[in-house]
Amino acid sequence: MKATLLFLAIAAAMSAQVVKNYEPVTEQMLENPAPGDWLMYSRTFDAQRFSPLKQINKGNVSQLRLIWERGLDNGQTETIPMVHNGVLYVATPGAGVQALNAATGDLLWEYKRKLPANQAGQARSKNLAIYQDIVLFEAPDAIVGLDARTGEQRWEAKTDGRGNTSGPFVAEGKVITGGACAGKRDNCFIVANDALTGKEAWRFYTTPNKGEPGDESWGGAKVENRLASTWGLPGSYDPVRKMLYWGVANPMPDQRMARHDGNPDAVSRTAPSDLYSNSTIALDAATGKLAWYYQHLPADDWDSDYTHERTLLRTKFNPDPKSVKWINPDVKRGEEHDVAVTIGEAGGVFELDRATGQFLWATPFPYDDPHNVISNIDVKTGKTEINWDNVFKAPGDHHVICYWNTRSYWPTAYSPVTNSLYTSYIDNCRDLTLAGPGGRGEWHVVQRPGGDPKALTGLAKIDLATGDILRFDVGRAPGNGAMLATAGDLVFHGDMSRRFRAFDAATGKMLWEQILGGNISVSTIAYQANGKEYICVMTGDNLKVPELSAEVPELKTPKGHNAIYVFGLP
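Worth saying up front: this structure is predicted, and the values here are computed from it rather than measured.

A. Local environment of the side chain of E551. Take E551: it is sitting in helix α5 (residues 545-551). No salt bridge is formed by the buried E551, whose closest oppositely charged neighbour, R476, lies at an N-O distance of 6.5 Å. When neighbours within four sequence positions are excluded, E551 is seen to be in contact with N428, V445, V446, Q447, L456 and R476.

B. Quick peek at empty space enclosed by the protein. Applying the stated criterion across every chain, the model contains three cavities of 30 Å³ or more. Within this model, the largest cavity holds a volume of roughly 100 Å³. Along the walls of the largest cavity sit 15 residues, with G347, G348, P364, N372 and I374 positioned nearest its centre. For the lining of the largest cavity, the elements supplying multiple residues, two or more each, are β24 (347-353) and β25 (359-363). No other element matches β24, which puts four residues into the lining of the largest cavity. When grouped by side-chain class, the residues that make up the lining of the largest cavity number eleven nonpolar, four polar and no charged. Space inside the second largest cavity adds up to approximately 80 Å³. Surrounding the second largest cavity, 14 residues form its lining, Q76, A91, T92, A123 and S125 being those nearest its centre.

C. The nonpolar core, seen in detail. If you look at the biggest cluster of nonpolar residues, it comprises 97 residues, and the most contacted ones within it are Y89, F169, L244, F492, F500, Y527 and I564. Setting aside chain neighbours within four positions, we find I564 in contact with W68, E69, R70, L72, V90, L100, C536, V537 and M538. By size, the runner-up hydrophobic cluster in this structure holds 27 residues, among which are A282, F350, F359 and I374.

D. View of unusual backbone geometry. Of the consecutive residues A271 and P272, the connecting peptide bond is found in the cis state with omega at 5°. Mapped onto the elements, P272 comes out in the loop between α4 (256-259) and β19 (279-284). The residue D489 is not glycine, and still its phi comes out positive at about 60°. Position of D489 relative to the elements: it lies in the loop between β36 (484-486) and β37 (490-494). The phi dihedral of S523 is positive, around 75°, even though this residue is not glycine. The topology assignment puts S523 in the loop between β40 (521-522) and β41 (525-529).

E. The pairing of strand β23 (residues 336-344), seen in detail. The element β23 is largely enclosed, with a buried count of eight among its nine residues. Where strand β21 (residues 311-316) and β23 come together, six bridges link them in antiparallel fashion. Paired with L313 across the strands is V339, a residue of β23. Where β23 meets β24, six bridges bridge the pair, whose relative direction is antiparallel. Bridged to I343 within β24 is V349.

F. Structural detail: the pattern of salt bridges. Here the structure, examined in full by the defined rule, presents 33 salt bridges. A salt bridge links D495 to R501; its shortest N-O distance comes to 3.6 Å. When the shortest N-O distance is used, the salt bridge between K544 and E547 registers 3.2 Å. When salt bridges that share partners are traced, they join D238, R241, R314, E336, D338 and R354 into one network.

G. Spatial organisation of the sheet that holds strand β11 (residues 168-171). Taken in spatial order, the four strands make up an open sheet running β11-β12-β13-β14, and their pairing is antiparallel. Edge positions in the sheet fall to β11 and β14 (200-205), since each has one partner strand and no second. Averaged over all pairs of adjacent strands, the angle between strand axes in this sheet comes to 20°, irrespective of strand direction. Relative to strand β13 (residues 189-194), strand β12 (residues 174-177) is paired through four bridges, and the arrangement is antiparallel. Its bridge partner being in β13, K174 is matched across the sheet by D194.

H. Representation of the environment of V537. Summarising the element assignment, V537 is placed in strand β42 (residues 532-539). Residue classification places V537 among the buried residues on the basis of a relative accessible area of 0%. Separated by 17 residues in the primary sequence, V537 and I520 place their C-alpha atoms 7.3 Å from one another.

I. Structural detail: the side chain of R430. Examined against the element boundaries, R430 turns out to sit in strand β31 (residues 428-433). Nearest to the buried, unbridged R430 among oppositely charged side chains is D303, at 4.7 Å. Residues within four places of R430 in sequence aside, it is in contact with W302, D303, H399, V400, I401, W404, W443 and H444.

J. Broad picture of the state of the cysteines. Counted by the stated rule, this structure contains two disulfides. Two residues, C181 and C188, share a disulfide whose sulfurs are 2.1 Å apart. For the disulfide bridge between C181 and C188, the dihedral angle about the S-S bond is near 130°, and by the sign convention the bridge is right-handed. Neither C181 nor C188 differs from the other in exposure class; each is buried. Each bonded cysteine in the protein chain gets a number by its place in the sequence, and the pairs come out as 1-2, 3-4.

K. Fine view of the packing of aromatic side chains. A full pass over the atoms with the stated rule returns 24 aromatic pairs. For the ring pair Y245 and W292, a centre distance of 6.0 Å and an interplane angle of 50° mean the geometry is tilted. With Y245 in strand β17 (residues 243-247) and W292 in strand β20 (residues 290-295), the pair connects residues that are 47 residues apart, well separated along the chain. With respect to class, Y245 is no different from W292; both count as buried. For the pair Y409 and W410, a centre-to-centre distance of 5.1 Å together with 65° between the ring planes defines the contact as edge-to-face.

L. How the structure looks around the environment of A465. Here A465 shows up in the loop between β33 (457-463) and β34 (469-475). The exposure class assigned to A465 is buried, which follows from its relative accessible area of 12%. Sequence-distant contacts of A465, that is, excluding residues within four places in its chain, are made with T315, K316, F317, N318, P319, W361 and N419.

M. View of the sheet that holds strand β5 (residues 96-101). Taken together, the four strands give an open sheet; going across it, the order is β3-β4-β5-β6, and neighbouring strands pair in antiparallel fashion. Edge strands, defined here as strands with exactly one partner in the open sheet, are β3 (82-84) and β6 (107-112). Along the sheet, successive strands turn relative to each other by an average axial angle of 20°, direction set aside. In this structure, β5 lies alongside β6, joined through five bridges in antiparallel fashion. Paired with G96 across the bridge in β6 is K112.

Criteria and cut-off values
- The written sequence of each chain sets the order in which its residues are numbered from 1.
- This being a predicted model, a pLDDT of at least 70 is required before a residue's local features are given, and a value of 80 or more before pairs of side-chain atoms are given or counted; all residues contribute to the totals for chains, interfaces and linings.
- Side-chain measures were taken over the full set of non-hydrogen atoms in the model, leaving aside hydrogen atoms and water.
- Only DSSP runs of H or I covering at least 4 residues are called helices, and only runs of E covering at least 2 are called strands; the numbering of each starts at the N terminus.
- Relative accessibility decides the category of a residue: with a 1.4 Å probe and only protein chains considered, values under 20% of the type maximum give buried, values over 50% give exposed, and everything between is partly exposed.
- Note that His is not counted, nor are the chain ends; the positive residues are Lys and Arg, and the negative ones are Asp and Glu.
- Here, a salt bridge means any Lys or Arg side-chain nitrogen found within 4 Å of an Asp or Glu carboxyl oxygen.
- Residue contacts are counted whenever heavy atoms from the two residues lie within 4.5 Å of one another.
- Put plainly, a pocket is an open set of points on a 1 Å grid over the protein atoms alone with protein on both sides within 12 Å along at least five of seven lines, a cavity is a set where a 1.4 Å probe fits but cannot get out, and a lining residue has an atom within 4 Å of a point.
- Grid points are joined across faces, edges and corners, and a volume is the space filled by probe spheres set on the points.
- Gly falls in the polar group here, along with every residue not listed as nonpolar (Ala, Val, Leu, Ile, Met, Phe, Trp, Tyr, Cys, Pro) or charged (Asp, Glu, Lys, Arg).
- Residue types Ala, Val, Leu, Ile, Met, Phe, Trp, Tyr and Cys, when buried and joined through side-chain atoms within 4.5 Å, form a set referred to as a nonpolar core.
- Pairing between strands requires that DSSP locate at least two bridges from one strand to the other.
- In this analysis an axis means a line fitted to C-alpha atoms, helices contributing only their contacting stretch, and an angle means the value between N-to-C directions, from 0 to 180 degrees.
- Our working definition of a disulfide is a cysteine sulfur pair at a distance within 2.5 Å.
- For Phe, Tyr and Trp, where Trp contributes only its six-membered ring, two rings pair if their centres lie within 6.5 Å, and the inter-plane angle classes them as stacked under 30 degrees, edge-to-face over 60, or tilted in between.

Have a look at this one:
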C-alpha cells in the first residue's frame, strides 16, 4: 500500500512539471536577458522596451502574418506578458495567471486566485515578474509567488486592502510593488518582499507622517488628507548604483482646498509642495531609503498623475531651444549623462540626471498651451511652478486643464539606434467644474482648445539629446497600446481603431498593418521561441476605453474582445 501511495505521489509530482527543462532566472539574467526573452514589463531594468531581435525588420515586416490567437475571459486587461525559454506567462482577467507555449499558444498551466467575484473583477495587474523558479503576481489582495513550472502557489503576502493596481518588479532578489491608496494614508506605500519567500524587506510610504521628512511641505494638513499612490506602471532599476526609480501619482483628495481646509494657498505654488506626490523618487534597493526626489508638479489640483515608468539611458546633453522650453544653463553642452526620462499623464517630457536628480531639461508635450498644468520651471534649480490661474479657489469654479491622460499606463519605448523615445499621445484636456453651494460638480474630456479634430492623436519620436520631435500616425484613434522598438529598425503600436501597425523607426513611415478584433490594450512585446521571432499583442477592455469611446464614437470599438495575438514571418 505504501509503495502504491509513493508511486502515485511521484506520478502526480511528475505530471505537475508542465513547463519542461525549466531554467531558473538569475539576477544576472535579469540584468542581461537572452535576446529572445522578455523577463519584465519593459524587458530590461532600464524600462527601454527595446528588443535586440532583428529577424523581423523593415525589409520583411510586410510579410508578417498571424501565427496563433488565444481568447481570454471577460474583464479588464491592462497587462503586459513576459516570456522565458519559450514559455509565455500572462496575467488574465479575473485575477488569474496562465503559462502558454509561446510558439503555439497551448495552455501549460493556469492559476486562479480564489476571491469573491467582485474583487476578482477588480484585478488590474499591469504585468508579471519572474525570479529563479517563481512567477510573481500582484493579485487584488496580495503579492503572490507561483511555481514557474506548475503554477502552484508557493507564498502570498497580504497588502492590507491597498488596492493592487500596479505590477511587480524584481531587483536584488526582492519583488517590489506599488498600488493604490484605497482612501488611507497607511496604504500609500511601495513594498519590497523577498522574491522566494514573500517575507517583507522594507516599506516606503509615499507621503510623510507628522514629523517625518517632507512633513513641512504639507502645510500642517491632516494625515488622513495626505494620499499619493503608485497605482500605475512599476519603476526601473540601475544595477550599478543599486538604485530604484519610481513615479508617484497625484495628491489626494484631488483639490488643494480639500486637502488644506479650504485654503488652496496653504502650501507653496512651487516645488516642493505636498511631497512626494507627482515626483520621481530614487530609492536604495537594499533598504528602501530615499536617495533623492524631483517633483514634476507641486500640490496638484486636477488629478494630473506623473506616475508610470522612468526610462534609463545615457545620452549627450544638447537640447535645441527651438524644441525645448526649459534648459538648465549650468549643464555643459555635449556632456554625457546617465538620465531618467518620463512623460506625465498631464503631458510634459522631463530629463533628469539619475545619479543626483539634477534637472537637465523639460518641455511641454504634446504641445505648449496656456492651459498647461505647469506655468514655469526655474531652469537652474528645476523647481516647477503650478499654473495658478487654473487652480480652484472657490466652490463652483470652472477650468479647462491640459493635459488629461495624454498617455497613461501604456508604456513608452526607447531605441538606442535612434536615441529616441517613442510615445503615443492624445491631445486631450479636462473640463472640470467643482461642486458649488447650489449644485454638483462635473467633468468631461475635451480636446485642447484650438486643437485640430483631425489630429486628436498621434505617435511621437523624441530625440533625447536635442528634444526634437517627429510626429507620425496622426489621426483620431486614441492609443492605449504599448510602444515597442526593435533592432529591426521598427516601432510597433496599436490603437482603439483595432489597427496594429509597424513603422520605420527613423522616419515614422507605416510599413505594415493588421486589423484585430478589438481595442489594442497595453501588452506589445517581441520574443523568440524555437529560433523564431514573434510579435505579441493583446486586445481587450480596460478602464480608459469607455471614456475615450465617448469622445470618438465613430470608432465603435467592440467590447469584450479579450485575446492574445501572435505574429511571425512565414
